[in-house]
Amino acid sequence: MLTNDKDLSNWVIRSAEDWLLPVYEQMKQTLTAKSVLHVDETYAQIIKRSDGKSGQSNAYNWVFRSVPSQGPIIVLFQKTIFSTWARNLHRHDLRNFFSGWHD
């Protein structure tokens, strides 16, 4: 079967949306129901973007992890790109759903 990079890329994206996103959403729902989370935020400044846009933005990576005393350990990763001005305006969506204590 002959294919091109664009079709292959679209197949991977569609598969992830159809099959992996529901699993991720269920894990997120279970994780945010916990009363204690460990959260780590790491950022890196983007100097040269592959899409040709300005490098005046930051990539933020979050790791959210439940604790062993509250059942199975769940670890989720989220990545977001913010322009420097938007950083102060936007709170990450997973943290908006969590009402307990995070470290």
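Structure: see above.
Quick caveat: nothing in here was measured; it's all calculated off a predicted structure.

1. Regarding helix H1 (residues 5-32)
Along H1, the helix axis deviates most sharply at Leu20, where the bend reaches about 45°; the proline Pro22 sits within four residues downstream. For H1, the N-terminal cap is Asn4; the gap from its side-chain oxygen to the backbone nitrogen of Lys6 is 3.1 Å.

2. Brief notes about the packing of aromatic side chains
The geometry of an aromatic ring pair comes down to the distance between the two centres and the angle between the two planes. A full pass over the atoms with the stated rule returns two aromatic pairs. With 5.6 Å between their ring centres and 25° between their planes, Tyr43 and Tyr60 make a pair best called stacked. Residue Tyr43 is found in strand S1 (residues 36-46), and its partner Tyr60 is found in strand S2 (residues 57-66); the two are separated by 17 residues along the sequence. A connected cluster of aromatic rings, assembled from ring pairs, spans Tyr43, Tyr60 and Trp62.

3. A few points about the pairing of S2
Along S2, seven of the 10 residues are buried, which leaves the element largely enclosed by surrounding structure. Here S1 pairs with S2 via 10 bridges, running antiparallel. Pairing of Thr42 across the sheet is with Asn61, part of S2.

4. Regarding the pattern of salt bridges
The final tally for this structure, using the stated rule, is two salt bridges. The closest approach of N and O atoms between Asp18 and Arg14, which form a salt bridge, is 2.7 Å. One end of the pair is Asp18 and the other is Arg14, both in helix H1 and four residues apart, which spans about a single turn. On the accessibility criterion, Asp18 (38% relative accessible area) is partly exposed. When the shortest N-O distance is used, the salt bridge between Glu25 and Lys28 registers 3.6 Å. Separated by three residues within a single helix, Glu25 and Lys28 lie in helix H1, roughly one turn from each other.

Basis of the calculations
Residues numbered from 1 in each chain as written. Predicted model: local features only at pLDDT ≥ 70, side-chain atom pairs only at ≥ 80, totals over all residues. Heavy atoms only, no water. Bend = angle between axes of the 7 residues up to and from the residue. Helix = DSSP H or I, 4+ residues; strand = E, 2+ residues; numbered from the N terminus. Polar contact = N/O pair within 3.5 Å; in protein donor to acceptor, adjacent residues only side chain to side chain. Phe/Tyr/Trp six-rings, centres within 6.5 Å; stacked < 30°, edge-to-face > 60°. Buried < 20%, exposed > 50% of the residue type's maximum accessible area, 1.4 Å probe, protein only. Pairing = 2+ DSSP bridges. Salt bridge = Lys/Arg side-chain N within 4 Å of Asp/Glu carboxyl O.

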